[in-house]
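# What the coordinates show
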Amino acid sequence: MDSKTTKLPAYSETLSIEGMTCASCVGRVEKALKKVENVEIANVNLATEKAVVYSNQPIQREALVKAVERAGYDVPKAAPVELSIEGMTCASCVARVEKALKKVDGVQEATVNLATEQAWVQADASVNVEDLIRAVKKAGYDAKASEKNQDEQLDKKASELDQLKKDLIISIVLALPVFILEMGSHLIPAFHMWVMHTIGQYNSWLLQFALTTLVLVFPGRRFYQKGIPALWRLAPDMNSLVAVGTLAAYSFSVVATFMPHVLPQGTVNVYFEAAAVIVSLILLGRYFEAKAKGRTSQAIQHLVGMQPKTARIQRDGQVVEVAVTEVVSGTIVEIRPGERVPVDGEVVEGHSYIDESMITGEPVPVEKIVGHQVVGGTVNQNGTLNIRATAVGSSSVLSQIIRMVEQAQGSKLPIQGLVDKVTMWFVPVVMLIAAITFLVWFIWGPDPALTFGLVNAVAVLIIACPCAMGLATPTSIMVGTGRGAELGVLFRKGEALQLLQEAQVVAVDKTGTLTEGKPTLTDFNVQQGFEREQVLTLVASVEAKSEHPIALAIVQAAESEGLNLLPVTAFNSITGSGIEAEVLGQKVQIGADRYMHQLGLDTNSFQAIAAQLGEEGKTPLYVAIDQKLAAIIAVADPIKETTYAAIEALHQLGLKVAMITGDNRHTAQAIAKKLNIDEVVAEVLPEGKVDTVRQLQKQYGRLAFVGDGINDAPALAQADVGLAIGTGTDVAIEAADVVLMSGSLKGVPNAIALSKATMRNIRQNLFWAFVYNVALIPIAAGALYPAFGVLLSPMFAAGAMALSSVFVLGNALRLKRFHAPVE
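Per chain, residues are indexed from 1 in the order of the written sequence. Owing to the predicted nature of the model, reporting of local features is limited to residues with pLDDT of at least 70; listing and counting of side-chain atom pairs is limited to 80 or more, with chain, interface and lining totals taken over all residues. Side-chain metrics in this entry use all non-hydrogen atoms of the structure; hydrogen atoms and water are not considered.

## A short note on the overall build of the protein chain
Under the scheme used here, helices are H or I runs from DSSP no shorter than 4 residues and strands are E runs no shorter than 2 residues, and both carry numbers assigned from the N terminus. For the protein chain, the count of helices and strands is 29 helices and 29 strands. Categorising residues by exposure relies on relative accessible area from a 1.4 Å probe, with only protein chains included: less than 20% of the type maximum marks a residue as buried, more than 50% marks it as exposed, and the intermediate range marks it as partly exposed. In the protein chain, which comprises 823 residues, the proportion classed as buried is 53%. Note on contacts: a residue pair is in contact if any heavy atoms of the two residues lie within 4.5 Å. For the protein chain, the proportion of contacts with a sequence separation of at least 24, taken over those separated by at least 6, is 69%. Counting every atom, the protein chain has about 37200 Å² of accessible surface; 56% of that belongs to carbon and sulfur. Only the protein chains shown count as cover for residues, and the accessible areas themselves come from Shrake-Rupley with a 1.4 Å probe.

## Focus on the sheet that holds strand E19 (residues 520-526)
The strand order across the open sheet formed by six strands is E19-E24-E23-E22-E21-E20, and the pairing between neighbours is antiparallel. Of all the strands in the sheet, just E19 and strand E20 (568-574) have a single pairing partner and so form its edges. Averaged over neighbouring strand pairs, the angle between their axes works out to 20° when direction is ignored. Two strands pair when backbone bridges link them, and strand E21 (residues 578-583) and strand E22 (residues 586-591) are joined in this way by six bridges, in the antiparallel orientation. Residue pairing in the sheet places Gly578 in a bridge with Gly591 of E22. Relative to E22, helix H19 (residues 532-543) is tilted by about 75°, and along the sheet it contacts E19, E20, E21, E22, strand E23 (619-625) and strand E24 (628-636). In short, DSSP must find at least two bridges between two strands for them to pair. Axis definition: a line fit to C-alpha positions, over the contact stretch in the case of helices; interaxial angles, taken between N-to-C directions, run 0 to 180 degrees.

## Observations concerning the UniProt feature "transmembrane region" (unreviewed entry) in the protein chain
As recorded in UniProt, the feature "transmembrane region" (unreviewed entry) lies at residues 168-190, 202-220, 241-263, 269-288, 422-444, 450-473, 766-785 and 791-813. In residues 269-288, the share of helix is 85% and the share of strand is 0%. The end C-alpha atoms are 33 Å apart. Annotated as residues 766-785, this span is 85% helix and 0% strand, and its ends, taken at the C-alpha atoms, are 28 Å apart. UniProt positions are given in the numbering used here, feature names are shortened, and annotations may be inferred rather than shown by experiment.

## Details of the packing of aromatic side chains
Working definition: a ring pair exists when centres of Phe, Tyr or Trp rings (six-membered ring for Trp) sit within 6.5 Å. Plane angles under 30 degrees give stacked, over 60 give edge-to-face, the rest tilted. This structure, assessed with the given rule, holds 12 aromatic pairs. Residues Trp441 and Tyr785 carry aromatic rings whose centres are separated by 5.3 Å and whose planes lie at 65° to one another, so their mutual orientation is edge-to-face. Taken together, the positions of Trp441 in helix H14 (residues 415-444) and Tyr785 in helix H28 (residues 785-788) put the pair 344 residues apart, joining distant regions of the chain. Given the relative accessible area of 9%, Trp441 is considered buried. Ring geometry for Trp768 and Phe807: centres 4.4 Å apart, planes at 35°, overall tilted.

## Notes on the side chain of Gln208
Relative to the assigned elements, Gln208 resides in helix H7 (residues 201-217). Ignoring anything within four residues of it in the chain, the contact list for Gln208 reads Val178, Leu181, Glu182, Val270, Phe272 and Glu273.

## Some thoughts on the nonpolar core
Side-chain atoms within 4.5 Å are what join buried Ala, Val, Leu, Ile, Met, Phe, Trp, Tyr and Cys residues into a set we call a nonpolar core. In terms of nonpolar packing, the biggest core is built from 135 residues, with Ile85, Met88, Leu101, Leu132, Ile282, Val506 and Leu723 touching the most fellow members. The greatest single-element share of this core, amounting to 14 residues, is contributed by helix H27 (residues 747-781). Apart from the residues lying within four places of it in its own chain, the contact partners of Leu723 are Leu500, Ala704, Phe705, Val706, Gly707, Leu716, Val738, Leu740 and Ala751. Formed by 25 residues, the second largest nonpolar core is a distinct cluster that contains Phe524, Ala553, Val568 and Ile625.

Below you can see the structure in the form of structure tokens.
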């Protein structure tokens, strides 16, 4: 080894780099990384598109990422790791699993969902899935990489539900005789006498002991397998509460049965029925929970069910049926009437109508001809189509939608932060309250004090389960986002659900959002000395070089009049102003009035026409030929039919509507008047949209911005909530928080109304869960006994606890019946 070789510094960090194309890119990235504090060495590899950074001190990954981004390159985030978690029963379990995952080096974020039993982990590429699984197991739970096969997941859930049902039936069959023997004797004197004279008290207790032991050992074993180890780790959960409560009642009863002389006189009694019935009632609650949780994820199951399993493809001149997983991009796929489209593709042959309601929420079938795009999962109506596959598997629109909905369902709202803080300490506090309850009754309670202390402590333990608190938020999110998907509203980020209902103003981009985005040429007026046909030919020839929708409208108008376009040279686009070029030696300049003024041309000769056009909501453009004003052009972009109803619905929801447009003030005000828009910000250059959004935020507060998700990316990112109007084939819009698949503005009031309904539902759930515990813990502890002589039986406590979770789930499921304000 070379003696000059130096040892590499102790700390290293690996980054993936996107956007590098040559060696100079490598040099720029290395230079940027070396400027970061404490970085000793930076090695960038163009082939692997990775950078390895070394330092003698720990490095902040965020600082490295910012340095790369400042240099003009991107650092892609690693795809989130999804884990299936087993053994969670309440909100404190969620908090413990999250805490364990976040302790793993390289994990930036970890979100755990009790309702879906999933964990989403955002981590560095260096983090191994096995490390995450080990961390979860160390915390006392089971974890594995999520099954991607939905059928397997559904089968597993069904199997678990069947097992739970069997355990429930066994526990009821065994607990019922115990309950009848003990409670029947207390409530019915004649039954008590019958038991005493036929079976005898001691034999009755022996029978109860045997049956209760079977209940605890078999159906109830799950509580002890999870709850006792959690106690040893000093991290008690809901299972611990049930385990301690039932074992306390059972153990006291065993002592009373087999060693009565150990107990103080007057305290010899058995509570086998409490232990057995508590297990049965909690299993009943869990069974109802499991069934209800299955219903909360029906939206995802419905979407998954829309993916066809097979496809007919053309192979060697024959049409053969293959598994849809065998279809690759470029394959020609045949779709017959009534069949679902198996993959995303482009129509190459045929004519039909396709029902795209599962993507857009729109019930009217859409015509498809050669060149049109089709989306996998939609239904072909009445014609046969041949399509060329363009996106298959995980890159298809339907897969992207499923991924978005799953991520939104697994996300955590800001409101959940408070719940997590409370539930982390809730179970230990409850155990402390139960211990205090026992001591207070044992020391100061009436005879038999030991019995009173035991019964009330067990009641406190059983009633205080935080299940309802843990389920309150995630179940509402699951049902709400699922209902949104059915309406063509995709929440890419769960937080948007909370922020959207706080919006005070909705800012909309005009073109393509309020309007069709397909302008047409409506007016063409020329100055004296110019011929209309000649000017239109020159203008269309220049506009043919532009990709702007207005340019397309002018070119289509010229072509419809049979005009031939001329060769163009020296074409130049002036951002935010207009375009210029030379056509057969003539200089042609086209743009708004401000562009003409920059050229030193007076537009007063067209002032009356421009004002009239503006009042009609048309966009006036001017044409200069060889530095002379030649013509004024009017282009109109028709307002979408659904826009009127959508804006009315937004007003009914109590929101202000602001329109942001690059059009001149006359045109913008005309459209705003037609649509009853509250505020207009006109003549905004593309780079000025972000500043406009900031100003509106200062003026109104929380703002939702609606745009097409591509041109409006900076404004969508700046807004409190960005809503992108999708087209059904372009749903992965990274800057947006919400994607509206219908392509119309009506999705906005629907999304806001759904957000309000979901948050209202969450608040109801949290109110019930917290009030239930705050109110019933003191009652379980015996607070009403001194004044009213009322105590809460542990059995009733178990029933109330089970009912609280079922209530929360039932309330969340009401969101499935949410009606959109604009159909």
